[in-house]
Amino acid sequence: MATTRNSKKQRSAAATNGDKPHVPQVSPEQLLELYRKMVLVRYFEEACQTAFRQGKVGGYLHVYIGQEAIATGLLATIQPDDRVITAYRDHAHVLLLGSDPKAVMAELYGKGTGLVKGKGGSMHLFDVEHKFWGGYGIVGGHIPLGVGMAYAQRYLPDNTGITQLYLGDGAIHNGAFHEGANLAGLWGREGLNPCLFVLENNQYGMGTSIERATANTDLISKFDSYAIPRESVDGMDIEAVYEAAVRLTERVRETGSPFALEAMTYRIAPHGAADFLEKYRSKDEVREARKRDPIGLTETKLLDRDIVSEDEITKIRQEYQQLAADAVKFAEESPEPPLEELLTDVYAEPEAVG
Ligand SMILES: Cc1ncc(C[n+]2csc(CCOP(=O)(O)OP(=O)(O)O)c2C)c(N)n1
Ligand SMILES: [Mg+2]
């Protein structure tokens, strides 16, 4: 994992969130825990991207490298009745919710020991036991589903859950977003839509920059049309994300009304693991963005505040590198799903539908 740690001067600039200095509310222990989770995600993503490029993983695969602080900060607030839904860049979410990394890796390999028995693959992870409701390949297609899930939460007896609904900047131009957000705003007036929209603004939808996708580039303002309140946060700063997550999840839980949080980030990785050319952006742009790698920024904070030493950072990195390697080994040694199971779990059994 190549991360950039900043100079003293850059460090003080990074400590501010835009022109609003933010007061860190994260304890040293919490910061360390959040850091460990981000490192878990990073090494997992590097390992599966390598496996894909070696031809060991089929289908398609999109990694979360550069965006780790968003799901890490937000999912650290998860409560028992909560639900989470996202698009296809979904490995981080499911891992952070507690799914076994070995089962997730085996799923990417299409093995029978995979999280969904090798039938979902990278884009269709699912683990309701860990509050994860997918994993969807159709851009924006999951947004009405997430809004509906939040609606249902207010009808389930004694349910105090909220839905965290993640979407990309590209999805906001999709009709499904506008239909879903419209109903969320409407139902939210009666406290019937505890949905926290998390707009992961990584600047690109595949090779299309925001400026080439819309005339109104203030993406989060699109929620105004549906009377959904909103704010933006520095998605590279784990403390800023966590602080916003604590405050906003509480608000959504209490009011039963939706809120939209835009996390400003950058997709350091290519769009998908098969994309090598990246003709739509310059190497300098990516190099510049790497200076604000969320993991590098967090290491800087941990070192500056004497929470950990360089040696401890190295040990933590080694621990998660090993965990990712163990997951790869498990996936490689796992059997293919048996042929008899080709059609099981694909459609609901008639009696289950009845
Ligand atoms: C309805 C639909 N249209 C087009 C695609 C092809 N496609 C896959 S990913 C993607 C870009 C989405 O960008 P964004 O929502 O910003 O998510 P990111 O990849 O940046 O996480 C597109 C257009 C698709 N999967 N579904
Ligand atoms: Mg995007």
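For the structure itself, look to the data block above.
This report concerns the structure included in the present document. (Residues numbered from 1 in each chain as written. Chains lettered and ligands numbered in written order. Predicted model: local features only at pLDDT ≥ 70, side-chain atom pairs only at ≥ 80, totals over all residues.)

**Observations concerning the overall build of the chain**
For step 1, the next point in the chain: When helices and strands are counted, the chain shows 12 helices and nine strands.
For step 2, the next point in the chain: The C-alpha radius of gyration of the chain comes to 20 Å, within 12% of the 20 Å expected for a compact globule of 354 residues.
For step 3, the next point in the chain: With respect to the principal axes defined by its C-alpha atoms, the chain has extents near 65 × 50 × 40 Å.
For step 4, the next point in the chain: A total of 354 residues make up the chain; the buried ones form 47% of that total. (Helix = DSSP H or I, 4+ residues; strand = E, 2+ residues; numbered from the N terminus. Rg over C-alpha atoms; globule rule 2.2 N^0.38 Å. Buried ≥ 20, exposed ≤ 12 C-beta atoms within 10 Å, placed from the backbone.)

**Digging into the site of ligand 1**
For step 1, the next point in the chain: Looking at ligand 1, there are 14 residues lining it, with Val 139, Gly 168, Gly 170, Ala 171 and Gly 205 nearest.
For step 2, the next point in the chain: Here the shell around ligand 1 is composed, by residue class, of five nonpolar, six polar and three charged. (Near = placed C-beta within 6 Å. Nonpolar A, V, L, I, M, F, W, Y, C, P; charged D, E, K, R; others polar.)

**Topic: the sheet that holds strand β8 (residues 230-234)**
For step 1, the next point in the chain: What the five strands build is an open sheet, ordered β3-β4-β5-β9-β8; its pairing is parallel. Looking at strand neighbours, the two that pair on one side only are β3 (83-85) and β8, the edges of this open sheet. Taking each pair of neighbouring strands and ignoring which way they run, the sheet shows an average axis angle of 20°.
For step 2, the next point in the chain: Strand contacts of helix α6 (residues 142-153): β3, β4 (163-168) and β5 (195-201), with the helix running at about 170° to β4, the strand carrying the most contacts. (Pairing = 2+ DSSP bridges. Axes fitted to C-alpha atoms, helices over the stretch in contact; angles between N-to-C directions. Contact = placed C-beta atoms within 7 Å.)

**Quick look at the environment of Val 57**
For step 1, the next point in the chain: Secondary-structure assignment places Val 57 in the loop between α2 (28-53) and α3 (68-75).
For step 2, the next point in the chain: Setting aside residues up to four positions removed in sequence, Val 57 forms contacts with Cys 48, Ala 51, Phe 52, Leu 108 and Tyr 109.

**A look at unusual backbone geometry**
For step 1, the next point in the chain: The step from Gly 134 to Gly 135 runs through a cis peptide bond, and the omega angle for that step is 25°.
For step 2, the next point in the chain: Its location among the elements puts Gly 135 in the loop between α5 (101-108) and α6.

**Things to note about the nonpolar core**
For step 1, the next point in the chain: Grouped together as the largest cluster of nonpolar side chains are 97 residues, with contacts concentrated most on Cys 48, Leu 167, Leu 196, Val 198, Leu 199, Val 241 and Leu 261.
For step 2, the next point in the chain: No other element matches α2, which puts 13 residues into this core.
For step 3, the next point in the chain: Contacts of Leu 261, omitting those with residues within four sequence positions, involve Leu 196, Phe 197, Val 198, Leu 199, Glu 231, Val 233, Ala 244 and Leu 248. (Core = buried A, V, L, I, M, F, W, Y, C linked by C-beta atoms within 7 Å.)

**A look at the packing of α2 against helix α11 (residues 310-333)**
For step 1, the next point in the chain: Relative to each other, α2 and α11 sit at 40°, their axes nearing to 9 Å. One finds that α2 runs oblique with respect to α11. Regarding α2 and α11, the two cross each other, and that crossing is right-handed. Side by side, α2 and α11 meet where Arg 36, Val 39, Leu 40, Tyr 43, Phe 44, Ala 47 and Ala 51 of the first sit next to Ile 316, Arg 317, Tyr 320, Gln 321, Leu 323, Ala 324, Ala 325, Ala 327 and Val 328 of the second.
For step 2, the next point in the chain: Classifying every residue of the contact of α2 with α11 by side-chain character gives 13 nonpolar, one polar and two charged. (Parallel < 35°, antiparallel > 145°, perpendicular 65-115°, else oblique. Left-handed = near helix turned anticlockwise from the far one by under 90°.)

**Digging into the pairing of β4**
For step 1, the next point in the chain: For β4, the buried fraction is high: six of the six residues fall into the buried class.
For step 2, the next point in the chain: Taken together, the three bridges between β3 and β4 define a ladder with parallel strand orientation. In the strand pairing of β4, Val 84 is matched with Gln 164.
For step 3, the next point in the chain: Across six bridges, the pairing between β4 and β5 is parallel. Bridging across to β5, Gly 168 finds its partner in Glu 200.
For step 4, the next point in the chain: Since β4 and β5 lie parallel, the crossover through helix α7 (residues 175-188) that links them has a hand, and here it is right-handed. (Right-handed = clockwise from strand over helix to strand, strands pointing away.)

**Thoughts on the environment of Arg 189**
For step 1, the next point in the chain: Residue placement: Arg 189 occurs in the loop between α7 and β5.
For step 2, the next point in the chain: Measuring from C-alpha to C-alpha, the distance between Arg 189 and Ser 309 comes to 50 Å, with 120 residues separating the pair along the chain.

**Some remarks on α3**
For step 1, the next point in the chain: Most of α3 sits out of view: eight of its eight residues are buried.
For step 2, the next point in the chain: Within α3 the residues assigned to the buried category are Glu 68, Ala 69, Ile 70, Ala 71, Thr 72, Gly 73, Leu 74 and Leu 75.

**Observations concerning the packing of α2 against α3**
For step 1, the next point in the chain: Direction vectors running N to C along α2 and α3 enclose 130°, while the axes themselves pass 9 Å from each other. Taken together, the axes of α2 and α3 are oblique relative to one another. Of the two possible hands of crossing, α2 and α3 adopt the one that is right-handed. In this structure, α2 contributes Leu 34, Lys 37, Met 38, Val 41 and Arg 42 to the contact, and α3 contributes Glu 68, Ala 69, Thr 72 and Gly 73.

Geometric descriptors of this kind do not, in isolation, establish any biological role.
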